[in-house]
Amino acid sequence: MKFMLMMHAPKAGWTDAGIGSWPMDDIKAHIGFMKQFSQDLSASGVLVGAEGLAGPEEARVVRAQGNGSPAVTDGPFAEAKEFLAGYWIVDVESPEQAYEIAGRASAAPGKGGVPLNMPIEVRQVMSAPPVEA
Amino acid sequence: MTDSVAFPWEDLLRDLAPQVLGAVVRRYGDFAAAEDAVQEALVAATLQWPKDGLPDNPRGWLIHVALRRMSDHHRAELARKRREFIVVSMVPEPPRLDPPSLGAFTSCDGEASPADLASQDDTLVLLFMCCHPALTSPSAIALTLRAVGGLTTTEIARAYLVPEATMAQRISRAKQKIKTSGVPFELPDTAERNQRLGAVLHVLYLIFNEGYASSGGATLQRRDLAVEAIRLTRAVHALLPNEAEVAGLLALMLLTDARRHARTGPQGELIPLDEQDRSLWNRDEIAVGTALVSAALSRGAAGPYQLQAAIAALHDEAPTAADTDWPQILALYGVLKRMADNPVVALNDAIATAMVHGPSAGLELLNALDADERIAGHYRLDAVRGHLLEKLGDRTSAVRHYLVAAGKTASVPERDYLTLKAARLGDAR
(Lines give C-alpha, C1' and ligand atoms only; values in the text may rest on other atoms or scores of the structure.)
Protein backbone atom coordinates (compact mmCIF):
# COMPACT_ATOMS: atom_id res chain seq x y z
CA MET A 1 0.00 0.00 0.00
CA LYS A 2 1.12 3.50 -0.83
CA PHE A 3 1.14 6.48 1.45
CA MET A 4 1.92 10.12 0.90
CA LEU A 5 3.90 11.73 3.70
CA MET A 6 3.43 15.47 3.62
CA MET A 7 5.81 17.72 5.47
CA HIS A 8 4.22 20.93 6.74
CA ALA A 9 6.13 23.97 7.86
CA PRO A 10 4.69 26.84 9.91
CA LYS A 11 3.82 29.81 7.72
CA ALA A 12 4.19 32.47 10.40
CA GLY A 13 7.72 33.78 10.63
CA TRP A 14 8.92 31.61 7.73
CA THR A 15 11.25 34.29 6.37
CA ASP A 16 12.45 35.70 9.69
CA ALA A 17 12.51 32.62 11.93
CA GLY A 18 12.72 29.90 9.26
CA ILE A 19 15.70 27.77 8.43
CA GLY A 20 17.61 30.80 7.08
CA SER A 21 17.91 32.19 10.60
CA TRP A 22 19.61 29.09 12.03
CA PRO A 23 23.38 28.85 12.56
CA MET A 24 25.14 27.46 9.51
CA ASP A 25 26.17 24.16 11.07
CA ASP A 26 22.58 23.44 12.09
CA ILE A 27 21.41 24.02 8.52
CA LYS A 28 24.12 21.70 7.24
CA ALA A 29 23.07 19.03 9.72
CA HIS A 30 19.44 19.39 8.64
CA ILE A 31 20.28 19.15 4.92
CA GLY A 32 22.54 16.18 5.60
CA PHE A 33 19.76 14.42 7.54
CA MET A 34 17.22 14.93 4.76
CA LYS A 35 19.63 13.63 2.11
CA GLN A 36 20.48 10.56 4.18
CA PHE A 37 16.80 9.95 4.95
CA SER A 38 15.89 9.89 1.23
CA GLN A 39 18.86 7.66 0.45
CA ASP A 40 17.84 5.21 3.18
CA LEU A 41 14.25 5.07 1.93
CA SER A 42 15.50 4.53 -1.59
CA ALA A 43 17.95 1.80 -0.53
CA SER A 44 15.29 -0.07 1.44
CA GLY A 45 13.08 -0.12 -1.65
CA VAL A 46 10.06 1.72 -0.21
CA LEU A 47 10.54 5.10 -1.90
CA VAL A 48 8.15 5.72 -4.81
CA GLY A 49 8.84 9.41 -5.18
CA ALA A 50 9.71 12.55 -3.27
CA GLU A 51 9.81 16.23 -4.11
CA GLY A 52 10.68 19.37 -2.22
CA LEU A 53 8.57 22.39 -3.11
CA ALA A 54 9.89 25.88 -3.74
CA GLY A 55 9.19 28.51 -1.10
CA PRO A 56 5.63 29.75 -0.44
CA GLU A 57 6.54 33.28 -1.56
CA GLU A 58 6.07 32.22 -5.16
CA ALA A 59 2.92 30.15 -4.56
CA ARG A 60 -0.37 31.14 -6.16
CA VAL A 61 -3.91 29.89 -5.69
CA VAL A 62 -5.95 29.64 -8.89
CA ARG A 63 -9.73 29.43 -8.83
CA ALA A 64 -12.00 29.23 -11.88
CA GLN A 65 -14.77 31.80 -11.82
CA GLY A 66 -16.91 30.43 -14.61
CA ASN A 67 -16.11 33.32 -16.93
CA GLY A 68 -13.07 31.84 -18.61
CA SER A 69 -10.54 33.93 -16.67
CA PRO A 70 -9.62 32.17 -13.42
CA ALA A 71 -8.72 34.30 -10.41
CA VAL A 72 -5.06 34.04 -9.42
CA THR A 73 -4.23 35.09 -5.86
CA ASP A 74 -1.13 34.84 -3.72
CA GLY A 75 -1.01 31.55 -1.88
CA PRO A 76 -0.97 29.38 0.15
CA PHE A 77 -4.52 29.90 1.42
CA ALA A 78 -4.56 32.99 3.60
CA GLU A 79 -6.25 31.18 6.48
CA ALA A 80 -3.69 28.33 6.50
CA LYS A 81 -1.18 28.34 9.36
CA GLU A 82 1.18 25.94 7.58
CA PHE A 83 2.34 25.31 4.08
CA LEU A 84 3.38 22.15 2.27
CA ALA A 85 7.17 22.10 2.08
CA GLY A 86 7.60 18.74 0.40
CA TYR A 87 6.40 15.17 0.29
CA TRP A 88 7.46 11.53 0.03
CA ILE A 89 5.42 8.70 -1.44
CA VAL A 90 6.31 5.32 0.06
CA ASP A 91 5.16 1.82 -0.80
CA VAL A 92 4.96 -0.17 2.45
CA GLU A 93 3.34 -3.25 3.97
CA SER A 94 1.24 -1.53 6.62
CA PRO A 95 0.08 1.89 7.83
CA GLU A 96 2.27 1.37 10.90
CA GLN A 97 5.36 1.20 8.68
CA ALA A 98 4.33 4.51 7.07
CA TYR A 99 3.86 6.07 10.54
CA GLU A 100 7.30 4.86 11.56
CA ILE A 101 8.89 6.49 8.49
CA ALA A 102 6.93 9.70 9.08
CA GLY A 103 8.14 9.73 12.66
CA ARG A 104 11.74 9.67 11.53
CA ALA A 105 11.13 12.58 9.13
CA SER A 106 9.35 14.54 11.84
CA ALA A 107 12.39 14.33 14.11
CA ALA A 108 14.70 16.00 11.58
CA PRO A 109 17.23 18.15 13.46
CA GLY A 110 16.47 21.87 13.74
CA LYS A 111 18.14 24.83 15.41
CA GLY A 112 20.79 23.68 17.85
CA GLY A 113 20.30 20.09 16.69
CA VAL A 114 16.99 19.89 18.58
CA PRO A 115 14.46 17.65 16.77
CA LEU A 116 11.90 19.75 14.92
CA ASN A 117 9.04 17.33 15.63
CA MET A 118 7.21 18.94 12.74
CA PRO A 119 3.81 17.59 11.69
CA ILE A 120 3.91 15.01 8.91
CA GLU A 121 0.51 14.29 7.43
CA VAL A 122 0.16 10.63 6.38
CA ARG A 123 -2.45 9.86 3.72
CA GLN A 124 -3.08 6.60 1.92
CA VAL A 125 -2.82 6.86 -1.87
CA MET A 126 -5.94 5.55 -3.62
CA SER A 127 -5.42 2.44 -5.69
CA ALA A 128 -7.25 0.04 -8.00
CA PRO A 129 -10.21 -1.90 -6.54
CA PRO A 130 -9.33 -5.25 -4.95
CA VAL A 131 -9.33 -8.27 -7.27
CA GLU A 132 -12.63 -10.19 -7.15
CA ALA A 133 -12.31 -13.56 -5.46
CA MET B 1 22.98 5.52 -20.08
CA THR B 2 21.68 2.00 -20.57
CA ASP B 3 21.26 -0.43 -17.75
CA SER B 4 23.30 -3.08 -19.55
CA VAL B 5 26.72 -2.16 -18.25
CA ALA B 6 28.12 -5.24 -19.93
CA PHE B 7 27.45 -3.90 -23.43
CA PRO B 8 30.87 -2.80 -24.66
CA TRP B 9 29.81 -1.13 -27.92
CA GLU B 10 27.64 1.62 -26.45
CA ASP B 11 29.68 4.46 -27.99
CA LEU B 12 29.87 2.80 -31.37
CA LEU B 13 26.12 2.18 -31.36
CA ARG B 14 25.33 5.77 -30.47
CA ASP B 15 27.72 7.13 -33.13
CA LEU B 16 26.09 4.92 -35.73
CA ALA B 17 22.49 5.74 -34.71
CA PRO B 18 22.10 8.96 -36.75
CA GLN B 19 23.94 7.48 -39.75
CA VAL B 20 21.62 4.49 -39.77
CA LEU B 21 18.56 6.69 -39.37
CA GLY B 22 19.74 8.90 -42.23
CA ALA B 23 20.09 5.89 -44.52
CA VAL B 24 16.62 4.60 -43.65
CA VAL B 25 14.98 8.02 -44.08
CA ARG B 26 16.68 8.39 -47.46
CA ARG B 27 15.16 5.10 -48.49
CA TYR B 28 11.62 5.63 -47.20
CA GLY B 29 11.18 9.32 -46.54
CA ASP B 30 8.97 8.56 -43.54
CA PHE B 31 11.01 10.08 -40.71
CA ALA B 32 8.68 9.12 -37.85
CA ALA B 33 8.43 5.46 -38.83
CA ALA B 34 12.13 5.26 -39.71
CA GLU B 35 13.03 6.65 -36.31
CA ASP B 36 10.97 3.95 -34.58
CA ALA B 37 12.55 1.26 -36.74
CA VAL B 38 16.08 2.46 -35.93
CA GLN B 39 15.29 2.44 -32.20
CA GLU B 40 14.16 -1.17 -32.56
CA ALA B 41 17.37 -2.00 -34.41
CA LEU B 42 19.45 -0.43 -31.62
CA VAL B 43 17.61 -2.50 -29.03
CA ALA B 44 18.12 -5.61 -31.17
CA ALA B 45 21.86 -4.89 -31.27
CA THR B 46 22.12 -4.63 -27.48
CA LEU B 47 20.47 -8.06 -27.24
CA GLN B 48 22.23 -9.86 -30.07
CA TRP B 49 25.77 -8.52 -30.25
CA PRO B 50 26.76 -9.73 -26.77
CA LYS B 51 25.63 -13.24 -27.83
CA ASP B 52 26.89 -13.35 -31.43
CA GLY B 53 29.80 -10.93 -31.22
CA LEU B 54 30.25 -7.65 -33.08
CA PRO B 55 29.14 -8.01 -36.72
CA ASP B 56 31.77 -7.36 -39.41
CA ASN B 57 29.83 -4.36 -40.59
CA PRO B 58 27.90 -2.99 -37.59
CA ARG B 59 26.43 -0.10 -39.56
CA GLY B 60 25.22 -2.42 -42.32
CA TRP B 61 23.79 -4.79 -39.70
CA LEU B 62 21.79 -1.98 -38.08
CA ILE B 63 20.53 -0.62 -41.40
CA HIS B 64 19.54 -4.12 -42.43
CA VAL B 65 17.56 -4.75 -39.23
CA ALA B 66 15.94 -1.31 -39.34
CA LEU B 67 14.90 -1.79 -42.98
CA ARG B 68 13.38 -5.14 -42.13
CA ARG B 69 11.39 -3.56 -39.29
CA MET B 70 10.22 -0.90 -41.73
CA SER B 71 9.07 -3.50 -44.19
CA ASP B 72 7.27 -5.41 -41.40
CA HIS B 73 5.41 -2.24 -40.47
CA HIS B 74 4.61 -1.53 -44.09
CA ARG B 75 3.34 -5.06 -44.59
CA ALA B 76 1.07 -4.71 -41.57
CA GLU B 77 -0.11 -1.38 -42.91
CA LEU B 78 -0.73 -2.94 -46.32
CA ALA B 79 -2.78 -5.75 -44.77
CA ARG B 80 -4.84 -3.19 -42.91
CA LYS B 81 -5.50 -1.25 -46.09
CA ARG B 82 -6.46 -4.46 -47.89
CA ARG B 83 -8.98 -5.31 -45.20
CA GLU B 84 -10.48 -1.84 -45.46
CA PHE B 85 -10.55 -2.17 -49.23
CA ILE B 86 -12.44 -5.51 -49.01
CA VAL B 87 -14.94 -4.10 -46.54
CA VAL B 88 -15.51 -1.13 -48.77
CA SER B 89 -15.90 -3.35 -51.87
CA MET B 90 -18.71 -5.27 -50.21
CA VAL B 91 -20.78 -2.09 -50.05
CA PRO B 92 -22.97 -1.75 -53.16
CA GLU B 93 -21.74 0.91 -55.58
CA PRO B 94 -18.23 1.02 -54.17
CA PRO B 95 -16.60 4.40 -54.39
CA ARG B 96 -13.54 4.60 -56.63
CA LEU B 97 -10.49 3.87 -54.54
CA ASP B 98 -6.94 3.98 -55.66
CA PRO B 99 -5.49 0.57 -54.89
CA PRO B 100 -2.66 0.75 -52.41
CA SER B 101 0.58 1.19 -54.19
CA LEU B 102 2.17 -2.23 -54.07
CA GLY B 103 5.45 -1.08 -55.50
CA ALA B 104 6.41 0.88 -52.42
CA PHE B 105 5.94 -2.15 -50.21
CA THR B 106 7.27 -5.00 -52.28
CA SER B 107 10.54 -3.25 -53.00
CA CYS B 108 11.64 -3.65 -49.41
CA ASP B 109 10.84 -7.34 -49.17
CA GLY B 110 14.01 -8.18 -51.02
CA GLU B 111 17.26 -8.19 -49.06
CA ALA B 112 18.43 -4.60 -49.00
CA SER B 113 22.01 -3.86 -49.79
CA PRO B 114 23.09 -1.69 -46.87
CA ALA B 115 26.37 -0.68 -48.48
CA ASP B 116 24.78 1.67 -51.00
CA LEU B 117 22.62 3.21 -48.30
CA ALA B 118 25.36 3.80 -45.79
CA SER B 119 27.68 5.92 -47.85
CA GLN B 120 26.69 9.27 -46.39
CA ASP B 121 26.89 10.69 -42.89
CA ASP B 122 23.52 12.23 -42.21
CA THR B 123 24.21 13.27 -38.62
CA LEU B 124 24.20 16.95 -39.54
CA VAL B 125 21.06 16.71 -41.68
CA LEU B 126 19.26 15.03 -38.80
CA LEU B 127 20.44 17.63 -36.31
CA PHE B 128 19.13 20.46 -38.47
CA MET B 129 15.84 18.61 -38.75
CA CYS B 130 15.46 17.83 -35.03
CA CYS B 131 16.41 21.37 -34.03
CA HIS B 132 14.04 23.00 -36.49
CA PRO B 133 12.68 26.35 -35.27
CA ALA B 134 9.12 25.00 -35.71
CA LEU B 135 9.70 22.86 -32.61
CA THR B 136 9.68 24.12 -29.03
CA SER B 137 12.97 23.73 -27.14
CA PRO B 138 11.78 20.77 -24.99
CA SER B 139 10.55 18.97 -28.12
CA ALA B 140 13.74 19.64 -30.05
CA ILE B 141 15.87 18.48 -27.11
CA ALA B 142 13.94 15.23 -26.70
CA LEU B 143 13.95 14.46 -30.41
CA THR B 144 17.66 15.28 -30.77
CA LEU B 145 18.61 12.98 -27.89
CA ARG B 146 16.59 10.13 -29.39
CA ALA B 147 17.13 10.49 -33.13
CA VAL B 148 20.70 11.82 -33.11
CA GLY B 149 21.92 10.70 -29.69
CA GLY B 150 20.45 7.20 -29.98
CA LEU B 151 19.07 7.31 -26.42
CA THR B 152 15.88 5.45 -25.59
CA THR B 153 12.74 7.27 -24.44
CA THR B 154 13.21 5.68 -21.00
CA GLU B 155 16.70 7.12 -20.70
CA ILE B 156 15.65 10.59 -21.82
CA ALA B 157 12.66 10.56 -19.45
CA ARG B 158 14.91 9.56 -16.57
CA ALA B 159 17.40 12.28 -17.38
CA TYR B 160 14.69 14.95 -17.44
CA LEU B 161 12.92 13.52 -14.37
CA VAL B 162 9.57 13.11 -16.08
CA PRO B 163 7.45 9.96 -16.48
CA GLU B 164 8.22 7.88 -19.55
CA ALA B 165 4.72 8.36 -20.97
CA THR B 166 5.18 12.14 -20.83
CA MET B 167 8.46 11.94 -22.72
CA ALA B 168 7.01 9.49 -25.27
CA GLN B 169 4.20 11.99 -25.92
CA ARG B 170 6.66 14.83 -26.31
CA ILE B 171 8.71 12.90 -28.84
CA SER B 172 5.67 11.78 -30.75
CA ARG B 173 4.33 15.35 -30.90
CA ALA B 174 7.73 16.55 -32.12
CA LYS B 175 7.68 14.00 -34.93
CA GLN B 176 4.13 14.97 -35.83
CA LYS B 177 5.16 18.61 -35.96
CA ILE B 178 8.03 17.81 -38.31
CA LYS B 179 5.61 15.94 -40.53
CA THR B 180 2.95 18.68 -40.65
CA SER B 181 5.49 21.49 -41.04
CA GLY B 182 6.96 19.67 -44.04
CA VAL B 183 10.53 20.05 -42.74
CA PRO B 184 12.60 18.49 -45.53
CA PHE B 185 15.32 15.91 -44.93
CA GLU B 186 18.12 18.03 -46.32
CA LEU B 187 20.64 20.64 -45.24
CA PRO B 188 19.21 24.18 -45.17
CA ASP B 189 20.36 26.46 -47.99
CA THR B 190 23.07 29.03 -47.39
CA ALA B 191 20.60 31.84 -46.75
CA GLU B 192 19.03 29.94 -43.86
CA ARG B 193 22.07 28.05 -42.73
CA ASN B 194 23.54 30.38 -40.12
CA GLN B 195 20.27 30.98 -38.36
CA ARG B 196 19.47 27.25 -38.36
CA LEU B 197 22.96 26.37 -37.10
CA GLY B 198 22.29 28.81 -34.26
CA ALA B 199 19.17 26.81 -33.35
CA VAL B 200 21.17 23.55 -33.39
CA LEU B 201 23.85 25.00 -31.12
CA HIS B 202 21.24 26.41 -28.77
CA VAL B 203 19.64 22.98 -28.32
CA LEU B 204 23.05 21.40 -27.63
CA TYR B 205 23.81 24.18 -25.16
CA LEU B 206 20.51 23.58 -23.33
CA ILE B 207 21.22 19.85 -23.06
CA PHE B 208 24.66 20.57 -21.62
CA ASN B 209 23.28 23.11 -19.18
CA GLU B 210 20.59 20.77 -17.92
CA GLY B 211 23.23 18.15 -17.20
CA TYR B 212 25.73 20.52 -15.69
CA ALA B 213 23.57 22.91 -13.70
CA SER B 214 21.47 20.31 -11.93
CA SER B 215 23.23 18.53 -9.14
CA GLY B 216 19.94 17.71 -7.48
CA GLY B 217 17.75 14.73 -8.14
CA ALA B 218 19.24 11.77 -9.88
CA THR B 219 22.70 13.28 -10.16
CA LEU B 220 24.35 10.54 -12.13
CA GLN B 221 21.85 10.34 -14.94
CA ARG B 222 21.76 14.07 -15.39
CA ARG B 223 25.53 14.24 -15.48
CA ASP B 224 25.25 12.01 -18.55
CA LEU B 225 23.36 14.79 -20.33
CA ALA B 226 26.49 16.96 -20.17
CA VAL B 227 28.57 14.09 -21.54
CA GLU B 228 26.03 13.54 -24.30
CA ALA B 229 25.95 17.24 -25.22
CA ILE B 230 29.76 17.28 -25.48
CA ARG B 231 29.73 14.13 -27.60
CA LEU B 232 27.17 15.59 -30.04
CA THR B 233 28.91 18.97 -30.22
CA ARG B 234 32.19 17.20 -30.88
CA ALA B 235 30.52 15.37 -33.77
CA VAL B 236 29.22 18.66 -35.21
CA HIS B 237 32.67 20.20 -34.81
CA ALA B 238 34.23 17.27 -36.71
CA LEU B 239 31.72 17.76 -39.53
CA LEU B 240 32.01 21.57 -39.59
CA PRO B 241 35.60 22.26 -38.45
CA ASN B 242 35.58 25.79 -39.88
CA GLU B 243 32.51 27.02 -38.02
CA ALA B 244 34.02 29.17 -35.29
CA GLU B 245 30.87 29.18 -33.15
CA VAL B 246 30.72 25.38 -33.12
CA ALA B 247 34.32 25.35 -31.88
CA GLY B 248 33.36 28.08 -29.41
CA LEU B 249 30.47 26.09 -27.99
CA LEU B 250 32.56 22.93 -27.69
CA ALA B 251 35.28 24.94 -25.93
CA LEU B 252 32.72 26.52 -23.59
CA MET B 253 31.36 23.09 -22.65
CA LEU B 254 34.82 21.62 -22.03
CA LEU B 255 36.04 24.63 -20.05
CA THR B 256 32.92 24.52 -17.88
CA ASP B 257 32.82 20.75 -17.52
CA ALA B 258 36.48 20.82 -16.42
CA ARG B 259 35.37 22.25 -13.06
CA ARG B 260 32.66 19.71 -12.32
CA HIS B 261 34.48 17.79 -9.58
CA ALA B 262 35.23 20.99 -7.70
CA ARG B 263 31.77 22.41 -8.14
CA THR B 264 29.96 20.45 -5.44
CA GLY B 265 30.93 19.26 -1.98
CA PRO B 266 30.45 15.82 -0.42
CA GLN B 267 26.78 16.58 0.39
CA GLY B 268 26.11 17.81 -3.15
CA GLU B 269 26.29 21.42 -1.94
CA LEU B 270 27.30 24.03 -4.50
CA ILE B 271 30.76 25.54 -4.17
CA PRO B 272 31.23 28.92 -5.89
CA LEU B 273 34.08 29.46 -8.34
CA ASP B 274 36.22 31.51 -5.95
CA GLU B 275 36.09 28.82 -3.25
CA GLN B 276 36.70 25.78 -5.45
CA ASP B 277 39.73 23.52 -5.02
CA ARG B 278 41.41 24.25 -8.34
CA SER B 279 43.58 21.15 -8.14
CA LEU B 280 40.38 19.19 -8.87
CA TRP B 281 39.90 20.91 -12.22
CA ASN B 282 40.42 18.75 -15.27
CA ARG B 283 43.62 20.10 -16.89
CA ASP B 284 43.17 18.09 -20.09
CA GLU B 285 39.73 19.52 -20.75
CA ILE B 286 41.04 23.01 -20.00
CA ALA B 287 43.95 22.55 -22.43
CA VAL B 288 41.71 21.30 -25.25
CA GLY B 289 39.05 23.97 -24.59
CA THR B 290 41.60 26.78 -24.47
CA ALA B 291 43.27 25.64 -27.70
CA LEU B 292 39.89 25.40 -29.43
CA VAL B 293 38.75 28.86 -28.45
CA SER B 294 42.12 30.47 -29.18
CA ALA B 295 42.11 28.99 -32.68
CA ALA B 296 38.50 30.04 -33.26
CA LEU B 297 39.09 33.60 -32.04
CA SER B 298 42.14 34.04 -34.23
CA ARG B 299 39.91 33.58 -37.29
CA GLY B 300 38.16 36.92 -36.92
CA ALA B 301 34.79 38.19 -35.70
CA ALA B 302 33.92 36.36 -32.50
CA GLY B 303 30.43 35.06 -31.73
CA PRO B 304 28.77 34.78 -28.31
CA TYR B 305 29.85 31.17 -27.63
CA GLN B 306 33.48 32.00 -28.37
CA LEU B 307 33.31 35.01 -26.06
CA GLN B 308 31.77 32.96 -23.25
CA ALA B 309 34.41 30.29 -23.81
CA ALA B 310 37.13 32.95 -23.66
CA ILE B 311 35.73 34.14 -20.31
CA ALA B 312 35.62 30.55 -19.02
CA ALA B 313 39.23 30.08 -20.16
CA LEU B 314 40.32 33.18 -18.21
CA HIS B 315 38.74 31.71 -15.06
CA ASP B 316 40.25 28.29 -15.69
CA GLU B 317 43.74 29.66 -16.32
CA ALA B 318 43.94 31.63 -13.06
CA PRO B 319 46.01 29.67 -10.49
CA THR B 320 43.96 31.22 -7.66
CA ALA B 321 40.70 33.20 -7.56
CA ALA B 322 42.70 36.33 -6.68
CA ASP B 323 44.75 35.95 -9.87
CA THR B 324 41.65 36.12 -12.08
CA ASP B 325 42.06 38.63 -14.89
CA TRP B 326 38.83 40.54 -14.12
CA PRO B 327 39.60 43.58 -16.34
CA GLN B 328 39.91 41.25 -19.33
CA ILE B 329 36.70 39.42 -18.34
CA LEU B 330 34.88 42.74 -17.97
CA ALA B 331 36.04 43.76 -21.45
CA LEU B 332 34.69 40.50 -22.89
CA TYR B 333 31.32 40.96 -21.17
CA GLY B 334 31.24 44.46 -22.66
CA VAL B 335 31.56 42.96 -26.15
CA LEU B 336 28.91 40.33 -25.33
CA LYS B 337 26.54 42.98 -24.04
CA ARG B 338 26.81 44.99 -27.23
CA MET B 339 26.24 41.85 -29.29
CA ALA B 340 23.00 40.73 -27.69
CA ASP B 341 20.51 42.31 -25.31
CA ASN B 342 20.54 39.54 -22.72
CA PRO B 343 19.73 40.20 -19.04
CA VAL B 344 21.84 37.23 -17.85
CA VAL B 345 24.87 38.70 -19.61
CA ALA B 346 24.04 42.04 -18.00
CA LEU B 347 23.95 40.32 -14.59
CA ASN B 348 27.40 38.78 -15.13
CA ASP B 349 28.65 42.11 -16.43
CA ALA B 350 27.56 43.68 -13.12
CA ILE B 351 29.57 41.08 -11.19
CA ALA B 352 32.67 41.70 -13.33
CA THR B 353 32.18 45.45 -12.90
CA ALA B 354 32.06 44.98 -9.13
CA MET B 355 35.30 42.97 -9.24
CA VAL B 356 37.09 45.71 -11.20
CA HIS B 357 35.48 48.95 -10.01
CA GLY B 358 34.06 47.94 -6.62
CA PRO B 359 30.69 46.64 -5.37
CA SER B 360 28.91 50.01 -5.55
CA ALA B 361 29.51 50.24 -9.29
CA GLY B 362 28.11 46.71 -9.69
CA LEU B 363 25.05 47.48 -7.56
CA GLU B 364 24.30 50.51 -9.72
CA LEU B 365 24.14 48.28 -12.79
CA LEU B 366 21.79 45.93 -10.94
CA ASN B 367 19.39 48.82 -10.26
CA ALA B 368 19.03 49.25 -14.01
CA LEU B 369 18.05 45.58 -14.29
CA ASP B 370 15.15 46.06 -11.86
CA ALA B 371 13.35 47.75 -14.74
CA ASP B 372 13.95 44.80 -17.09
CA GLU B 373 10.87 42.62 -16.74
CA ARG B 374 12.73 39.61 -18.15
CA ILE B 375 14.81 39.37 -14.98
CA ALA B 376 13.21 41.71 -12.40
CA GLY B 377 12.11 39.59 -9.44
CA HIS B 378 14.22 36.63 -10.59
CA TYR B 379 16.08 34.93 -7.76
CA ARG B 380 19.44 35.40 -9.49
CA LEU B 381 19.08 39.14 -9.29
CA ASP B 382 18.50 38.85 -5.53
CA ALA B 383 21.40 36.42 -5.15
CA VAL B 384 23.86 38.70 -6.96
CA ARG B 385 22.59 41.72 -5.03
CA GLY B 386 23.15 39.82 -1.79
CA HIS B 387 26.67 38.95 -2.94
CA LEU B 388 27.57 42.55 -3.80
CA LEU B 389 26.01 43.90 -0.59
CA GLU B 390 28.10 41.36 1.33
CA LYS B 391 31.21 42.68 -0.41
CA LEU B 392 30.14 46.19 0.50
CA GLY B 393 29.92 45.14 4.15
CA ASP B 394 26.14 45.58 4.48
CA ARG B 395 25.50 42.25 6.16
CA THR B 396 21.89 42.80 7.18
CA SER B 397 20.77 43.68 3.64
CA ALA B 398 22.90 40.88 2.20
CA VAL B 399 21.23 38.29 4.45
CA ARG B 400 17.80 39.60 3.45
CA HIS B 401 18.53 39.28 -0.28
CA TYR B 402 20.08 35.83 0.08
CA LEU B 403 16.97 34.63 1.89
CA VAL B 404 14.63 36.17 -0.67
CA ALA B 405 16.63 34.42 -3.41
CA ALA B 406 16.52 31.13 -1.46
CA GLY B 407 12.75 31.42 -1.23
CA LYS B 408 12.39 31.94 -4.97
CA THR B 409 14.72 29.38 -6.51
CA ALA B 410 13.30 26.05 -7.64
CA SER B 411 16.66 24.29 -7.35
CA VAL B 412 17.33 22.46 -4.08
CA PRO B 413 21.17 22.75 -4.19
CA GLU B 414 20.85 26.44 -4.98
CA ARG B 415 18.35 26.99 -2.18
CA ASP B 416 20.63 25.20 0.26
CA TYR B 417 23.61 27.23 -0.95
CA LEU B 418 21.82 30.57 -0.56
CA THR B 419 20.40 29.61 2.84
CA LEU B 420 23.89 28.71 4.03
CA LYS B 421 25.31 31.99 2.66
CA ALA B 422 22.75 33.88 4.72
CA ALA B 423 23.48 31.77 7.78
CA ARG B 424 27.21 32.29 7.50
CA LEU B 425 26.73 36.06 7.53
CA GLY B 426 24.23 35.70 10.36
CA ASP B 427 26.74 33.68 12.40
CA ALA B 428 29.37 36.34 11.93
CA ARG B 429 27.07 39.16 13.00
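Above this text is the structure in question.
Computed from a predicted structure; not experimentally measured.

**Let's talk about the overall build of chain A**
Here is step 1 of the chain: Regarding its fold elements, chain A presents three helices and six strands.
Here is step 2 of the chain: Mapped from its N terminus to its C terminus, chain A presents α and β elements in the order β-α-α-β-β-β-β-α-β.
Here is step 3 of the chain: Across its three principal directions, the C-alpha atoms of chain A cover 50 × 50 × 20 Å.
Here is step 4 of the chain: A total of 133 residues make up chain A; the buried ones form 14% of that total.
Here is step 5 of the chain: Intrachain contacts of chain A at a sequence separation of at least 6 include 73% that bridge at least 24 residues.

**As for the nonpolar core**
Here is step 1 of the chain: If you look at the biggest cluster of nonpolar residues, it comprises 119 residues, and the most contacted ones within it are Val-20, Val-24, Val-38, Ala-66 and Ala-251 of chain B.
Here is step 2 of the chain: Here this core gets 10 residues from one element, more than from any other, and that element is helix H12 (residues 244–257) of chain B.
Here is step 3 of the chain: For this core, the two domains that each supply at least three residues are domain 1 (10–117) and domain 2 (339–429) of chain B.
Here is step 4 of the chain: Excluding residues within four positions of it along the chain, Val-20 of chain B makes contact with Val-38, Ala-41, Arg-59, Leu-62, Ile-63 and Ala-66 of chain B.
Here is step 5 of the chain: With 10 residues, the next largest nonpolar core counts Phe-3, Met-7, Trp-88 and Ala-105 of chain A among its residues.

**Let's talk about the pairing of strand S5 (residues 82–91) of chain A**
Here is step 1 of the chain: Relative to S5 of chain A, strand S1 (residues 2–10) of chain A runs antiparallel, the two being bridged by nine bridges. If you follow Leu-5 of chain A over to S5 of chain A, its bridge partner there is Trp-88 of chain A.

**Let's talk about the interface of chain B and chain A**
Here is step 1 of the chain: Listed as interface residues are 17 residues of chain B and, on the opposing side, 17 residues of chain A.
Here is step 2 of the chain: Mapped by element, the contributors of at least two residues to the side of chain B that touches chain A are helix H20 (395–408) and helix H21 (412–428) of chain B.
Here is step 3 of the chain: Ranked by the residues each element gives to the side of chain B that touches chain A, the list is headed by H21 of chain B, at nine residues.
Here is step 4 of the chain: Of the residues contributing to the side of chain B that touches chain A, the split by class is seven nonpolar, six polar and four charged.

**Some points on the sheet that holds strand S2 (residues 47–52) of chain A**
Residue and element names in this part refer to chain A.
Here is step 1 of the chain: Judged by pairing direction, the sheet is antiparallel, and its four strands sit side by side in the order S2-S5-S1-S6 without closing on themselves. Edge positions in the open sheet fall to S2 and strand S6 (120–124), since each of these has one partner strand only. On average, adjacent strands in this sheet sit at an angle of 20° to one another, irrespective of strand direction.
Here is step 2 of the chain: Relative to S6, S1 is paired through five bridges, and the arrangement is antiparallel. Each residue of the ladder has a partner; that of Phe-3, found in S6, is Gln-124.
Here is step 3 of the chain: Sheet contacts for helix H2 (residues 24–43): S2 and S5; angle to S2, the most-contacted strand, approximately 160°.

Rules used in this analysis
Residues numbered from 1 in each chain as written. Chains lettered and ligands numbered in written order. Predicted model: local features only at pLDDT ≥ 70, side-chain atom pairs only at ≥ 80, totals over all residues. Helix = DSSP H or I, 4+ residues; strand = E, 2+ residues; numbered from the N terminus. Buried ≥ 20, exposed ≤ 12 C-beta atoms within 10 Å, placed from the backbone. Contact = placed C-beta atoms within 7 Å. Core = buried A, V, L, I, M, F, W, Y, C linked by C-beta atoms within 7 Å. Domains from an automatic or database assignment. Pairing = 2+ DSSP bridges. Nonpolar A, V, L, I, M, F, W, Y, C, P; charged D, E, K, R; others polar. Axes fitted to C-alpha atoms, helices over the stretch in contact; angles between N-to-C directions.

Taken by themselves, the reported measurements are silent on function.
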